[in-house]
Amino acid sequence: MSALDRLLGTWEFTMQHSAMSGPVTGRQRYERVLDGAFVLQHWTYDHPDFPDALGLLSEDRYHYFDIRGIIRVFTLEMDNDGWSMIHLDEEFSQRYAARFRGPDIIESTGEKSDDKGVTWQPDFTVTYRRTE
């Protein structure tokens, strides 16, 4: 069994984002696809300023696609305690760390960088709760 299997199912989340004064909520669903070779993530927000998205996870990569046409590839490191991922780009870089808090809660933080990861600024925190 892969550490990615801990994600399978549906999660509701609450995000505190640096660009917003209040919380942003939404849902994520993770499922195995292509005979189990990958995990597909469906991502929807309850706020119109945040784009619905898909993610495709392998053991070492996270491929992100959203309705704006944005595509990003992150290097992914995952174990049974959680995961971290990073995307470095000249214009906009991101890094993200998440930890499982039992079987049904995940806590995470995200940071952004405008100088290809030389300096980082807090961007968001998210708490996920499994619903199924």
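These numbers come from a predicted model, not from an experiment. (Residues numbered from 1 in each chain as written. Predicted model: local features only at pLDDT ≥ 70, side-chain atom pairs only at ≥ 80, totals over all residues. Heavy atoms only, no water.)

1. Overview of the overall build of the protein
Phase 1 of the analysis: In terms of regular secondary structure, the protein is built from zero helices and 10 strands.
Phase 2 of the analysis: Listing each helix as α and each strand as β along the protein from the N terminus yields β-β-β-β-β-β-β-β-β-β.
Phase 3 of the analysis: Taken against the 2.2 N^0.38 rule, which gives 14 Å for 132 residues, the C-alpha radius of gyration of the protein at 14 Å falls within 12% of a compact globule.
Phase 4 of the analysis: C-alpha extents for the protein along the principal axes are approximately 40 × 30 × 30 Å.
Phase 5 of the analysis: Summed over its atoms, the accessible surface of the protein is roughly 7,500 Å², and 52% of this surface lies on carbon and sulfur atoms. (Helix = DSSP H or I, 4+ residues; strand = E, 2+ residues; numbered from the N terminus. Rg over C-alpha atoms; globule rule 2.2 N^0.38 Å. Areas by Shrake-Rupley, 256 points an atom, 1.4 Å probe, with all protein chains shown as cover.)

2. Digging into a nonpolar patch on the surface
Phase 1 of the analysis: A surface patch of nonpolar side chains, about 270 Å² in accessible area, is lined by Leu 54, Phe 65 and Ile 71.
Phase 2 of the analysis: Inspection of the secondary structure assignment puts Phe 65 in strand 5 (residues 61-66). (Patch = residues over 30% accessible without salt bridge, like charges linked within 9 Å, V, L, I, M, F, W, Y side chains within 5 Å. Salt bridge = Lys/Arg side-chain N within 4 Å of Asp/Glu carboxyl O.)

3. A word on the packing of aromatic side chains
Phase 1 of the analysis: Under the defined criterion, the tally for this structure stands at nine aromatic pairs.
Phase 2 of the analysis: On the basis of an interplanar angle of 40° and a centroid distance of 5.8 Å, the ring pair of Tyr 96 and Phe 124 is categorised as tilted. Residue Tyr 96 is found in strand 8 (residues 93-100), and its partner Phe 124 is found in strand 10 (residues 121-130); the two are separated by 28 residues along the sequence.
Phase 3 of the analysis: Members of the aromatic cluster, connected to one another through ring pairs, are Phe 13, Trp 43, Tyr 45, Phe 50, Tyr 64 and Tyr 128.
Phase 4 of the analysis: Across the ring face of Phe 100, the terminal group of Arg 6 is positioned such that the distance to the ring centre comes to 4.0 Å. (Phe/Tyr/Trp six-rings, centres within 6.5 Å; stacked < 30°, edge-to-face > 60°. Lys NZ or Arg CZ within 6 Å of the ring centre and 35° of its normal.)

4. Considering unusual backbone geometry
Phase 1 of the analysis: In the Ramachandran plot, Asp 35 falls in the positive-phi region, its phi being about 55° despite a non-glycine side chain.
Phase 2 of the analysis: When you line up the elements, Asp 35 lands in the loop between strand 2 (24-33) and strand 3 (38-45).
Phase 3 of the analysis: Judged by relative accessible area, which is 87%, Asp 35 ranks as exposed.
Phase 4 of the analysis: A positive phi angle, near 60°, is found at Lys 116, a position not held by glycine.
Phase 5 of the analysis: Note on placement: Lys 116 falls in the loop between strand 9 (105-113) and strand 10. (Buried < 20%, exposed > 50% of the residue type's maximum accessible area, 1.4 Å probe, protein only.)

5. What about the side chain of Ser 108?
Phase 1 of the analysis: Its place among the elements puts Ser 108 in strand 9.
Phase 2 of the analysis: Classification of Ser 108 by relative accessible area gives buried; the value is 4%.
Phase 3 of the analysis: A polar side-chain atom of Ser 108 sits 3.0 Å from a polar atom in the side chain of Tyr 96.
Phase 4 of the analysis: Once you skip the residues sitting within four places of it in the chain, Ser 108 turns out to touch Tyr 96, Ala 97, Ala 98, Phe 124, Thr 125, Val 126 and Tyr 128. (Polar contact = N/O pair within 3.5 Å; in protein donor to acceptor, adjacent residues only side chain to side chain. Contact = heavy atoms within 4.5 Å.)

6. Description of the sheet that holds strand 8
Backbone-to-backbone hydrogen bonds pair the strands of a sheet. The strands run either parallel or antiparallel.
Phase 1 of the analysis: Here 10 strands make up a closed barrel; going around it, the order is 1-2-3-4-5-6-7-8-9-10 and the pairing antiparallel. Geometrically, the sheet is characterised by an average inter-axis angle of 25° between neighbouring strands, direction not taken into account.
Phase 2 of the analysis: Across five bridges, the pairing between strand 5 and strand 6 (residues 71-79) is antiparallel. Residue pairing in the sheet places Tyr 62 in a bridge with Phe 74 of strand 6. (Pairing = 2+ DSSP bridges. Axes fitted to C-alpha atoms, helices over the stretch in contact; angles between N-to-C directions.)

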